[in-house]
Amino acid sequence: MKKVVFLLIIVLCCSACGEFVRVQKSTDYELKYSYAKKYYNSKKWTKAASLLEEVVQYFKGTSSAEESLYLLAQSYYGMKDYQTAAAYFKTYYTTYPKGEFTELSRFYSGYGLYLDSPDARLDQAQTYDALAQLQLYMEYYPQSERAKQAQDILFELQEKLAYKELMSTQLYYNLGTYMGNNYQACVITADNALKDYPYTKFREEFMFLRMRAKYELALVSVTDRLQSRFRDVVDEYYAYTNEFPEGKYSNQVQRFFDIASKQIKTSY
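What comes next is a walk through the structure. (Residues numbered from 1 in each chain as written. Predicted model: local features only at pLDDT ≥ 70, side-chain atom pairs only at ≥ 80, totals over all residues. Heavy atoms only, no water.)

1. What about the overall build of the chain?
Each helix and strand counted, the chain has 12 helices and 0 strands in total. Mapped in sequence order, the helices and strands of the chain form the string α-α-α-α-α-α-α-α-α-α-α-α. Since a compact globule built from 268 residues should have a radius of gyration of about 18 Å, the 29 Å found for the chain marks it as more spread out than a globular shape. Expressed along its principal axes, the backbone C-alpha trace of the chain runs to roughly 95 × 50 × 35 Å. Here the contacts in the chain between residues at least 6 apart in sequence split such that 55% fall between residues at least 24 apart. Averaged over its 33 positive side-chain charges, the chain has a centre that lies 6 Å from the centre of its 32 negative ones. (Helix = DSSP H or I, 4+ residues; strand = E, 2+ residues; numbered from the N terminus. Rg over C-alpha atoms; globule rule 2.2 N^0.38 Å. Contact = heavy atoms within 4.5 Å. Lys, Arg positive; Asp, Glu negative; His and termini not counted. Charge placed at Lys NZ, Arg CZ, Asp CG, Glu CD.)

This is the structure:
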């Protein structure tokens with residue numbers, strides 16, 4: 001009985017493969033399109049995409065061109081090849097700016113890139129692409145049923161970029177004076193991050209690292225710059241405590257302030 005079932009499975013698989021090869025070799029593009037939609041509806045994304053790649057070229061300028069291009073983009077999306085899908089979605093909405101699937105194409109072009117967005121430690125070019133696509137979607141469709149989802153994703157991606165900047169800020173601080181003045185680089189990176197992501201959940205960490213780096217800068221300063229740098233530490237103390245009066249770094253910040261204040265007083 002098991003052998004019969006096994007043989008039946010083999011026959012069915014061979015039959016299915018034979019069908020696809022037969023259709024693929026056909027010169028009847030209407031037949032190819034009907035089978036492409038059949039495979040698409042069955043979620044056989046690879047077969048659907050393979051046929052649609054041919055069909056899209058043949059159908060340019062016809063009544064089926066719009067739908068076939070959208071199905072091709074969605075087939076790659078189903079395959080989780082999000083970069084290729086995004087490229088075809090973009091081709092769709094630029095070719096058909098008022099098309100039937102334009103809103104969906106604009107959304108999925110960004111959403112797919114979001115799903116493929118790499119870890120914060122890696123290059124974030126794709127994250128920036130996803131942000132750009134979803135921001136455009138929000139501009140075009142602010143009242144869409146997907147607008148809230150797009151907005152939430154935008155916040156999530158911005159937090160990922162902010163976290164990457166936080167790791168860079170921390171790295172510069174950890175490097176200290178190794179092969180240069182990394183404390184200054186820490187301050188600059190923190191400043192830029194706070195400007196680019198003013199509402200990030202990492203705001204307190206950036207402000208603390210900035211103050212900490214300025215404190216370390218003061219400790220290694222030449223005499224002529226000592227007082228101004230300790231005053232910078234005092235300014236950072238007030239900036240931090242005004243925003244985070246009960247912040248998690250309050251004890252350390254207070255210590256930096258106390259030392260800096262004494263150093264300023266002893267200069268007179």
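After that view of the structure, there is still more to cover.
2. Here we look at the environment of Ala 239
Tracing the chain through its elements places Ala 239 in helix α11 (residues 223-243). C-alpha separation for the pair Ala 239 and Met 211, spaced 28 residues apart in sequence, amounts to 9.5 Å.

3. Here we look at a nonpolar patch on the surface
Side chains of Leu 171, Tyr 172, Leu 175, Tyr 178 and Met 179 sit close together on the surface and give an oily, nonpolar patch of about 560 Å² of accessible area. As for its position among the elements, Leu 171 is in helix α8 (residues 147-175). (Patch = residues over 30% accessible without salt bridge, like charges linked within 9 Å, V, L, I, M, F, W, Y side chains within 5 Å. Areas by Shrake-Rupley, 256 points an atom, 1.4 Å probe, with all protein chains shown as cover. Salt bridge = Lys/Arg side-chain N within 4 Å of Asp/Glu carboxyl O.)

4. Some thoughts on the pattern of salt bridges
Summed over the entire model, instances satisfying the criterion amount to 12 salt bridges. Lys 32 is the salt-bridge partner of Glu 54, the closest N and O atoms lying 2.4 Å from each other. With a gap of 22 residues between them, Glu 54 in helix α3 (residues 45-58) and Lys 32 in helix α2 (residues 29-41) connect regions that are remote in the sequence. With relative accessibility at 27%, the residue Glu 54 sits in the partly exposed group. Here Lys 32 falls in the buried class, since its relative accessible area comes to 2%. A salt bridge links Arg 146 to Glu 145; its shortest N-O distance comes to 3.8 Å. (Buried < 20%, exposed > 50% of the residue type's maximum accessible area, 1.4 Å probe, protein only.)

5. Overview of the nonpolar core
Grouped burial of nonpolar side chains is what soluble globular proteins tend to show. Counting residues in hydrophobic clusters, the biggest one holds 76 residues, and the most contacted among them are Leu 51, Leu 52, Leu 134, Leu 157, Phe 206, Tyr 240 and Val 253. In this structure, Tyr 240 is in contact with Glu 204, Met 207, Phe 208, Gly 247, Lys 248, Tyr 249, Ser 250 and Val 253, ignoring residues within four places of it in sequence. (Core = buried A, V, L, I, M, F, W, Y, C linked by side-chain atoms within 4.5 Å.)

6. A look at the side chain of Glu 159
Following the sequence through the fold, Glu 159 ends up in helix α8. A distance of 3.0 Å separates the side chain of Glu 159 from the side chain of Thr 200, its partner in a polar contact. Setting aside residues up to four positions removed in sequence, Glu 159 forms contacts with Thr 200, Lys 201 and Phe 202. (Polar contact = N/O pair within 3.5 Å; in protein donor to acceptor, adjacent residues only side chain to side chain.)

7. Some details on α11
Working note: α-helix, 3.6 residues per turn, so residues spaced by three or four point in the same direction. Its 21 residues place the ends of α11 31 Å apart at the C-alpha level, agreeing with the 30 Å of an ideal helix rising 1.5 Å per residue. When we look at burial in α11, the residues that qualify are Gln 227, Arg 229, Phe 230, Val 233, Val 234, Glu 236, Tyr 237 and Tyr 240. (Expected span 1.5 Å × (residues − 1).)

8. Examining helix α9 (residues 182-196)
In this model α9 runs 21 Å from its N-terminal to its C-terminal C-alpha over 15 residues, within 8% of the 21 Å that 1.5 Å per residue would give. Taken residue by residue, α9 has Asn 182, Tyr 183, Cys 186, Val 187, Thr 189, Ala 190, Ala 193 and Leu 194 as its buried positions. Buried residues of α9, seen end-on, are gathered within an arc of 165° and therefore sit on one face of the element. Away from its buried face by more than 90 degrees, α9 exposes Lys 195 and Asp 196. (Arc of directions from axis to C-beta.)

9. Things to note about the side chain of Thr 102
In this structure, Thr 102 sits in helix α6 (residues 102-115). There is a polar contact of 2.5 Å between the side chain of Thr 102 and the backbone oxygen of Tyr 96. Beyond its immediate stretch of four places on either side in the chain, Thr 102 contacts Tyr 92, Tyr 93, Tyr 96, Pro 97 and Tyr 141.

10. Looking at the packing of α6 against α8
At a minimum axis separation of 11 Å, α6 and α8 run at an interaxial angle of 35°. Considering the relative orientation of α6 and α8, their crossing is left-handed. Contacts between α6 and α8 pair Phe 107, Tyr 111 and Tyr 114 from the former with Gln 149, Ala 150, Ile 153, Glu 156 and Leu 157 from the latter. Here the contact of α6 with α8 is composed, by residue class, of 6 nonpolar, 1 polar and 1 charged. (Axes fitted to C-alpha atoms, helices over the stretch in contact; angles between N-to-C directions. Left-handed = near helix turned anticlockwise from the far one by under 90°. Nonpolar A, V, L, I, M, F, W, Y, C, P; charged D, E, K, R; others polar.)

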